[in-house]
Amino acid sequence: MRLGLHYWNYSTPADPAAIAPTLIETATIAEEAGFASFTVMDHYFQMEAMAPAEEPMLEAYTTLGFVAARTSRMTLGVLVTGVMYRYPGLLAKIVTTLDVLSGGRARLGIGASWYEREQHGLGVPVVPVAERFERLEETLRICRQMWSDDNGPFEGRHYRLAETLNSPQPLQRPHPPIMIGGSGEKKTLLLVARYADACNLFGSSPAEVAHKLDVLRGHCAAEGRDYDAIDKTVIMMRPPLADVDGFLAEVAEYAALGVSEVQVTPDRHPVEFTRRVATEVLPKLATID
């Protein structure tokens, strides 16, 4: 079982001048301890369900570029990129840049954007949900074309590219892993079956994740896709340090379902959190397969 660190909060410590050194110290501890991945959110305002919108938030890919320069092993990605925030051709170029500069460690995490307050606030177009998913599918097709030998045009309903030139290509071939985040059964999991190398589900409960994976299995059968070829990942809702044994027991249930990576989110100072997870959780997690 791999462990990922999902860095979602830039409010601790409170001094903005401490954001950069805290971020790097946390990432360094995580990498040295054996965390497999490091992810950040794709938000510009803090999520209101988590904390006040006015709390600090950094742009995701700039942050990952900063982390890439100070790490050497962990996979780096956004959990997950909002499809409305960047034109697809530019997104493919951004992820390519991260992959090249990190030595082949980028992962494209993507999903349908949803946080309308920040979209209205910053002038990002807000479109109906159905259109967001249409744009998500076209974005996935564009990224795959950009990461192939096909430099020709792309003609979609929402996006039209005259040429899909992308030089240099990513170091990872055929392309950086594509992870689709979300649990929607009719659209999101269908897109996972069609396009993704990995899915990311909310760890609400093992029973709920088992149901979502059964839905994904059905989509894979309908699409002629090998279900086992898709990496299953879960972002944990259960805090790892509140009850370590209970946390590990839940992770073991996810592992039995075929989940290969879980992500945890700091619930206190990120340096303290990461150090404690590294010593109290990670060694025991290594025994779960």
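Computed from a prediction, not measured in an experiment: that's the story for all the values here.

Next up on the list: helix α1 (residues 19–33). Across its 15 residues, α1 extends 21 Å between first and last C-alpha, which sits within 8% of the 21 Å expected from 1.5 Å per residue. Within α1, burial applies to I19, T22, L23, I24, T26, A27, I29, A30 and E31. Residues of α1 that are buried make contact with β1 (2–7), β2 (37–40), α2 (60–68) and α9 (270–280). A positive phi of about 110° marks G34, the residue just after α1.

Our focus in this paragraph is the UniProt feature "domain: Luciferase-like" (unreviewed entry) in the protein. In the UniProt entry, the feature "domain: Luciferase-like" (unreviewed entry) is given for residues 22–234. In residues 22–234, the share of helix is 40% and the share of strand is 16%. The end C-alpha atoms are 25 Å apart.

Because each turn of an α-helix spans 3.6 residues, side chains separated by three or four positions end up pointing in the same direction. Taking 1.5 Å per residue as the helical rise, helix α8 (residues 244–256) with its 13 residues ought to reach 18 Å, and the 18 Å between its terminal C-alpha atoms agrees with that figure. Of the positions making up α8, those classed as buried are V244, G246, F247, L248, E250, V251, Y254 and A255. If you follow the buried residues of α8, they end up packed against β9 (198–203), α7 (206–223), β10 (231–236), β11 (259–264), α9 and α10 (282–285). Backbone geometry just downstream of α8 places G258 in the positive-phi region, at approximately 100°.

What follows deals with the environment of R275. Within the secondary structure layout, R275 lies in helix α9. A C-alpha to C-alpha distance of 6.7 Å links R275 and I29, two positions 246 residues apart in sequence.

Before going further, it helps to spend a moment on the pattern of salt bridges. Counted by the stated rule, this structure contains 20 salt bridges. Residue R2 pairs with E261 through a salt bridge whose shortest N-O separation is 3.0 Å. Taken together, the positions of R2 in strand β1 and E261 in strand β11 put the pair 259 residues apart, joining distant regions of the chain. A salt bridge links R238 to D243; the nearest nitrogen and oxygen atoms lie 3.3 Å apart. Within the structure, one salt-bridge network assembled from shared partners comprises R2, R107, D231 and E261.

For any pair of aromatic rings, geometry is given as the distance between the ring centres together with the angle between the planes. For the coordinates displayed, the defined rule picks out 4 aromatic pairs. With a centroid separation of 5.4 Å and 70° between ring planes, the pair formed by Y44 and Y85 is classed as edge-to-face. Placement of the pair is Y44 in the loop between β2 and α2 and Y85 in the loop between β4 (81–82) and α3 (88–101), with a sequence separation of 41 residues. An aromatic cluster of three or more residues is present, and its members are Y7, Y10 and F38. R217 extends its terminal NZ or CZ atom over the ring of Y227, reaching a point 4.0 Å from the ring centre. In this arrangement the basic side chain of K232 is found over the ring face of Y227, its NZ or CZ atom lying 3.7 Å from the centre.

Looking now at the pairing of β11. Most of β11 sits out of view: 6 of its 6 residues are buried. Inspection of the sheet shows β1 paired to β11 by 4 bridges, in the parallel sense. What sits directly across from L5, in β11, is V264. Bridge count between β10 and β11: 4 bridges; the pairing is parallel. Bridge pairing in β11 links K232 to V259.

Moving on to the packing of α3 against helix α5 (residues 129–146). Angle between the axes and distance between the axes are the two parameters that describe a pair of packed helices. It is at 9 Å that the axes of α3 and α5 come closest, and there the two elements cross at 50°. Between α3 and α5, the angle falls in the class oblique. Here α3 and α5 pass one another in a crossing that is right-handed. Packed against α3, whose contacting residues are P88, G89, L91 and A92, the element α5 presents T139, I142, C143 and M146 at the interface.

Attention now moves to the pairing of strand β5 (residues 106–111). Burial analysis of β5 places 6 of its 6 residues in the buried class, which makes it a mostly covered element. Side chains A106, L108 and I110 of β5 all project onto a buried face; the interleaved residues R107, G109 and G111 project onto the opposite face, where all are buried too. Strand direction decides the pairing type here: strand β3 (residues 75–78) and β5, joined by 2 bridges, are parallel. Bridged to L76 within β5 is A106. In this fold, β4 hands off to α3, which returns the chain to β5; that crossover is right-handed. Of the pairings in the sheet, the one linking β5 to strand β8 (residues 178–181) comprises 3 bridges and is parallel in character.

Calculation criteria
Residues numbered from 1 in each chain as written. Predicted model: local features only at pLDDT ≥ 70, side-chain atom pairs only at ≥ 80, totals over all residues. Heavy atoms only, no water. Helix = DSSP H or I, 4+ residues; strand = E, 2+ residues; numbered from the N terminus. Expected span 1.5 Å × (residues − 1). Buried < 20%, exposed > 50% of the residue type's maximum accessible area, 1.4 Å probe, protein only. Contact = heavy atoms within 4.5 Å. UniProt positions renumbered as here; feature names shortened; annotations may be inferred. Salt bridge = Lys/Arg side-chain N within 4 Å of Asp/Glu carboxyl O. Phe/Tyr/Trp six-rings, centres within 6.5 Å; stacked < 30°, edge-to-face > 60°. Lys NZ or Arg CZ within 6 Å of the ring centre and 35° of its normal. Pairing = 2+ DSSP bridges. Axes fitted to C-alpha atoms, helices over the stretch in contact; angles between N-to-C directions. Parallel < 35°, antiparallel > 145°, perpendicular 65-115°, else oblique. Left-handed = near helix turned anticlockwise from the far one by under 90°. Right-handed = clockwise from strand over helix to strand, strands pointing away.

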